[in-house]
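Below, each chain spelled out in residue letters.
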Amino acid sequence: MIVIAWICLICAIGPAILYLWNSFLFQEPPHIQPKPIISNNNIEYTIAQRIGISQSPISVLVPARNEEYGIAACLESVLASRNVELEVIVLDDHSTDCTAEIVRKMASSDSRLRLEHAPQLPANWCGKQHSCYALSKLAQFEVLTFLDADVRLHPDALARMLLFLQQSKAEIVSGFPRQETGTFLEKLVLPLINWLLLCWLPFGLMRHYCWSALGAGCGQWFMTNRTTYEAIEGHAAIKSSLHDGITLPRAFRNKGYMSDICDATQLATCRMYRSASGVWNGLAKNAREGMANTGQIGFWTTILFFGQILPFILLAIIASNNITQDRTEDNASTPFHTNTLFLASATVALAWMPRLHAAWRFRQSLLGAILHPIGIATLLAIQWYSVYRALVGQPVGWKDRPAPRLS
């Protein structure tokens, strides 16, 4: 039993330490600092001085397929942006709901917004990647922001993200919005996005080395510049991918360009899914390009089971056994070794504390944090479901489209 306890501790201590270090490195984009100009004893301000940089106009590019529920709120938040010049282009990807009508009506009252329609989807293209690629051809500005239709931005979000792009060493940056959750499965699983990021991505190495494996981002919000984007062939480089949060930054790194990420908890919100089936299938469609990759699924299953699930089970067994022995008159049986109890308790603390801290910092569900081992077990079940679907030749698709063949 003590050998198992040691294995659990080893599997939990590394992610906990990395989470602690990354929590200092994962920061918000720079704040906009006022810079007054003193002229004739008067203090004057311009947008450029308030931002502190040479301001560039931004093309905000929004792929939309059946997004009538949230598209208006998304566009309203973007159009309310401060300290930036922008255009907003929505590409309707053959929606069967009222998405196009909503955007068309909004565009009639704001010249910065326009509606375009997606061309026919070519073979072996993911619908979102094709839409983003088409949007990049329609944009007129050098700075490109790809934004999912279920994201809502703070008025300063675009200006601060632009500042982050210009001050970082990266050619593409990504913000991780606060994930809004409603249903039980959302609360249980979706907050693990931030937890996984901080527990497993070495931010220090990511910002110093251009290794492809260190590329990461959030597909909900990317910002880059057109010149570099076109140099790597843009979304055409990942045309069959369903997980641009990983594959797009890695496409940049494969060409020698750095990527970076920031904490957008205070700048953006997103409600990805609104049902248990949406959560399950939405994560399963991405899984085979991440944890459920056939070369990685064994590692992730082992490390997460021993480090994040088994310690809770082990501690419950020890506690139950001790209670049983306390109530038994016959004390001849040997109690669990004190060291085993200590190791199990320490491992549970190492597994739990980062998750609880993430719930506080990223304004996530406390219920999901309390049920952390169940959330991890559910996440692994989704990964294995994705593997199964791929093995039987029926990979999980999305929005009434089959999954494209991975190139």
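Up top is the structure these notes are about.
Below is a short write-up of the structure. (Residues numbered from 1 in each chain as written. Predicted model: local features only at pLDDT ≥ 70, side-chain atom pairs only at ≥ 80, totals over all residues. Heavy atoms only, no water.)

1. Structural notes on helix α12 (residues 276-287)
Phase 1: Taking 1.5 Å as the rise per residue, α12 with twelve residues should run 16 Å; its terminal C-alpha atoms sit 16 Å apart, in good agreement.
Phase 2: Gly278, Val279, Gly282, Leu283, Ala284, Lys285, Asn286 and Ala287 are the residues of α12 that are buried. (Helix = DSSP H or I, 4+ residues; strand = E, 2+ residues; numbered from the N terminus. Expected span 1.5 Å × (residues − 1). Buried < 20%, exposed > 50% of the residue type's maximum accessible area, 1.4 Å probe, protein only.)

2. A closer look at helix α6 (residues 157-167)
Phase 1: Within α6, nine of the eleven residues are buried, leaving the element largely enclosed by the surrounding structure.
Phase 2: Taken residue by residue, α6 has Ala157, Leu158, Ala159, Arg160, Met161, Leu162, Leu163, Phe164 and Leu165 as its buried positions.

3. Overview of the packing of aromatic side chains
Phase 1: Inspection of every chain in the model, using the stated rule, returns 13 aromatic pairs.
Phase 2: With a centroid separation of 6.0 Å and an interplanar angle of 80°, the aromatic rings of Phe26 and Phe176 are classed as edge-to-face. With Phe26 in the loop between α1 (2-25) and β1 (37-39) and Phe176 in strand β8 (residues 172-179), this residue pair connects regions lying 150 residues apart in the sequence.
Phase 3: Classification of Phe176 by relative accessible area gives buried; the value is 4%.
Phase 4: When the ring of Trp125 is compared with that of Tyr133, the centres are 5.7 Å apart and the planes differ by 45°; the resulting orientation is tilted.
Phase 5: Classification of Trp125 by relative accessible area gives buried; the value is 14%.
Phase 6: The class of Tyr133 is partly exposed, set by a relative accessible area of 26%.
Phase 7: A cation over a ring is seen here: Lys285 above Trp398, with NZ or CZ 5.3 Å from the ring centre. (Phe/Tyr/Trp six-rings, centres within 6.5 Å; stacked < 30°, edge-to-face > 60°. Lys NZ or Arg CZ within 6 Å of the ring centre and 35° of its normal.)

4. Concerning the side chain of Ser59
Phase 1: With respect to the helices and strands, Ser59 occurs in strand β3 (residues 58-64).
Phase 2: Among all residues touching Ser59, those that are not within four sequence positions of it are Glu87, Ala139, Gln140, Phe141, Val143, Leu144 and Thr145. (Contact = heavy atoms within 4.5 Å.)

5. Details of a nonpolar patch on the surface
Phase 1: Side chains of Met1, Ile4, Phe305, Ile313 and Ile317 sit close together on the surface and give an oily, nonpolar patch of about 400 Å² of accessible area.
Phase 2: A per-element tally of the nonpolar patch places helix α13 (residues 297-326) first, with three residues.
Phase 3: Position of Ile313 among the secondary structure elements: in helix α13. (Patch = residues over 30% accessible without salt bridge, like charges linked within 9 Å, V, L, I, M, F, W, Y side chains within 5 Å. Areas by Shrake-Rupley, 256 points an atom, 1.4 Å probe, with all protein chains shown as cover. Salt bridge = Lys/Arg side-chain N within 4 Å of Asp/Glu carboxyl O.)

6. Focus on the state of the cysteines
Phase 1: Here the structure, examined in full by the defined rule, presents zero disulfides.
Phase 2: Here Cys8 is not cross-linked by a disulfide; its sulfur's nearest cysteine counterpart is in Cys11, at 6.8 Å.
Phase 3: Assessed through its relative accessible area of 1%, Cys8 is described here as buried.
Phase 4: Free of any disulfide, Cys262 has its nearest cysteine sulfur in Cys218, 10.0 Å distant.
Phase 5: The class of Cys262 is buried, set by a relative accessible area of 0%. (Disulfide = S-S within 2.5 Å.)

7. Some remarks on unusual backbone geometry
Phase 1: A positive phi angle, near 55°, is found at Asn66, a position not held by glycine.
Phase 2: As for its position among the elements, Asn66 is in the loop between β3 and α3 (71-79).
Phase 3: Accessibility expressed as a relative area gives 25% for Asn66, which makes it partly exposed.
Phase 4: With phi around 65°, Asn83 is a residue other than glycine that occupies positive phi space.

8. Brief notes about the sheet that holds strand β7 (residues 151-153)
Phase 1: Read across the open sheet, the eight strands follow the order β5-β4-β3-β6-β9-β8-β10-β7; overall the sheet is mixed. In the strand order of this sheet, the two ends are held by β5 (113-117) and β7, each with one partner. Mean inter-strand twist for the sheet, computed between neighbouring axes without regard to direction, equals 30°.
Phase 2: For strand β4 (residues 86-92) and β5, the ladder comprises five bridges, and the chain directions are parallel. Paired with Val90 across the bridge in β5 is Leu115.
Phase 3: The sheet contacts of helix α4 (residues 99-107) involve β3, β4 and β5, and relative to β5 the element is tilted by about 150°.
Phase 4: Helix-sheet contacts for α6 involve β3, β4, β6 (143-147), β7, β8, β9 (221-225) and β10 (259-270), and the interaxial angle to β9 is about 50°. (Pairing = 2+ DSSP bridges. Axes fitted to C-alpha atoms, helices over the stretch in contact; angles between N-to-C directions.)

9. Here's the deal with the pairing of β6
Phase 1: The element β6 is largely enclosed, with a buried count of five among its five residues.
Phase 2: The alternating pattern of β6 places Val143, Thr145 and Leu147 on one face and Leu144 and Phe146 on the opposite face, and all of these are buried.
Phase 3: Sheet topology places β3 next to β6; four bridges connect them, and they run parallel. Considered in β6, the bridge of Ser59 is made with Leu144.

10. Quick word on the packing of α1 against helix α8 (residues 192-200)
Phase 1: At their nearest, the axes of α1 and α8 sit 6 Å apart, and the two run at 100° to each other. Here α1 lies roughly perpendicular to α8, going by the angle between them. Contacts between α1 and α8 involve Pro15, Leu18, Tyr19, Asn22 and Ser23 from the first element and Leu197, Leu198, Cys199 and Trp200 from the second.
Phase 2: Tallied by class, the residues present in the contact of α1 with α8 amount to seven nonpolar, two polar and no charged. (Parallel < 35°, antiparallel > 145°, perpendicular 65-115°, else oblique. Nonpolar A, V, L, I, M, F, W, Y, C, P; charged D, E, K, R; others polar.)

11. Overview of the pattern of salt bridges
Phase 1: In total, this model carries 14 salt bridges according to the counting rule given.
Phase 2: Among the ionic pairs, Glu28 bridges to Arg160, the shortest N-O distance being 2.9 Å. Of this pair, Glu28 sits in the loop between α1 and β1 while Arg160 sits in helix α6, and the two are 132 residues apart along the sequence.
Phase 3: According to the relative accessible area criterion, Glu28 is partly exposed, its value standing at 29%.
Phase 4: For Arg160, a relative accessible area of 7% corresponds to the buried category.
Phase 5: In this structure, Asp110 engages Arg112 in a salt bridge whose closest nitrogen and oxygen atoms are separated by 2.9 Å.
Phase 6: The buried category is assigned to Asp110, whose relative accessible area is 18%.
Phase 7: One connected set of salt bridges, linked through shared partners, spans Glu87, Arg114 and Glu116.

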